[in-house]
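Observations on the three-dimensional arrangement
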Amino acid sequence: MTPYLAVLATAALMAAPLVVFAQSKSGEYTYRCTGNDGKKYYGSTIPNACLGRPLELINKQGLMVRRIDPEGDEKARIAKEAEAEKKRELEAATKDAQRRNRALLATYTSEKDIEDSRARDLRNHDRGVQEVQRRIEDIKKRQTQFQKELDLFKTAGKGDAPTRLKEEITNAQIDLKAQETLLDAKKKEALGINARYDEDKRRYKEAIGRR
């Protein structure tokens, strides 16, 4: 839809209630508005200059019986829809929290259960950390052996080291860097484990308190 057609459609929607009102009270009321040019416009039907502007309905005695603000009504409609959407989101969030709390209460019967579960996860995590540390130690041992072989070639004056040895040295360096990166990540995981159980414990206390 072109911008021009969109404007016409919006104007038509805003004017529709007014047209119906005028038809039902034909001849009893006059429309009045202040145009963009600051002038007053009157008509038994809505003047073109009044489309989209605040309107006043004047009776035969010259008294204003109704004021209609199309733009204000549209803003109110948008605000109402936004409020309804916010309410729906809040209700959805509340239901999700309730579901998670029910699952939490079904998982743990006491705060001790939470601490026991935390301890198990941390022990498993520590074992993973130790395994990575062992791999790092093994790689460093291999590097020490490769360096000894390289020194032997240099001492014996046999020239450049074999391609195999060079490749093993390079691969060991790559493996070491990968394992050290993994170790750093593993150490940070412990913070995440504790944070998760701290949150579970907080929610458990709240859920028990509400129950």
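Description of the structure in this document. Just so it is clear, the structure is predicted and the values come from calculations on it, not from any experiment.

1. Thoughts on the overall build of the protein chain
Each helix and strand counted, the protein chain has 4 helices and 4 strands in total. Tracing the protein chain from N to C terminus, the helices and strands come up as α-β-β-β-β-α-α-α. When each of the 211 residues of the protein chain is scored for burial, the buried share is 21%. Within the protein chain, contacts between residues separated by at least 24 positions form 56% of all contacts whose residues are at least 6 apart in sequence. Total accessible area on the protein chain stands at roughly 15100 Å², and carbon and sulfur atoms take up 54% of it.

2. As for the pairing of strand 3 (residues 55–58)
Side chains Leu55 and Leu57 of strand 3 all project onto a buried face; the interleaved residues Glu56 and Ile58 project onto the opposite face, where all are buried too. With 3 bridges connecting them, strand 1 (residues 30–34) and strand 3 associate as antiparallel partners. Bridge pairing in strand 3 links Arg32 to Glu56. A loop of 5 residues connects strand 3 with strand 4 (residues 64–68), the two strands running antiparallel in sequence, and Gly62 in this loop sits at a positive phi of about 85°.

3. Re the sheet that holds strand 2 (residues 40–43)
Taking strand neighbours across the sheet as the criterion, the 4 strands line up as 2-1-3-4 in an open arrangement whose pairing is antiparallel. Two strands lie at the open edges of the sheet, namely strand 2 and strand 4, each paired on one side alone. Pairwise comparison of adjacent strand axes, ignoring direction, gives a mean angle of 25° for this sheet.

4. Side note on the packing of helix 3 (residues 111–156) against helix 4 (residues 163–210)
At their nearest, the axes of helix 3 and helix 4 sit 9 Å apart, and the two run at 170° to each other. Classed by the angle they form, the pair helix 3 and helix 4 counts as roughly antiparallel. Of the residues that constitute the contact of helix 3 with helix 4, the class distribution is 19 nonpolar, 7 polar and 20 charged.

5. What to know about the pattern of salt bridges
Tallied over the full model, the rule gives 17 salt bridges. Between Lys201 and Glu115 there is a salt bridge, and its shortest N-O distance comes to 3.1 Å. Of this pair, Lys201 sits in helix 4 while Glu115 is found in helix 3, placing the two residues 86 residues apart along the sequence. Looking at Lys201, the relative accessible area reads 22%, which means it is partly exposed. Linked through salt bridges whose partners overlap, the residues forming this network are Glu115, Arg118, Asp198 and Lys201.

What counts, and at which threshold
- Residues numbered from 1 in each chain as written.
- Predicted model: local features only at pLDDT ≥ 70, side-chain atom pairs only at ≥ 80, totals over all residues.
- Heavy atoms only, no water.
- Helix = DSSP H or I, 4+ residues; strand = E, 2+ residues; numbered from the N terminus.
- Buried < 20%, exposed > 50% of the residue type's maximum accessible area, 1.4 Å probe, protein only.
- Contact = heavy atoms within 4.5 Å.
- Areas by Shrake-Rupley, 256 points an atom, 1.4 Å probe, with all protein chains shown as cover.
- Pairing = 2+ DSSP bridges.
- Axes fitted to C-alpha atoms, helices over the stretch in contact; angles between N-to-C directions.
- Parallel < 35°, antiparallel > 145°, perpendicular 65-115°, else oblique.
- Nonpolar A, V, L, I, M, F, W, Y, C, P; charged D, E, K, R; others polar.
- Salt bridge = Lys/Arg side-chain N within 4 Å of Asp/Glu carboxyl O.

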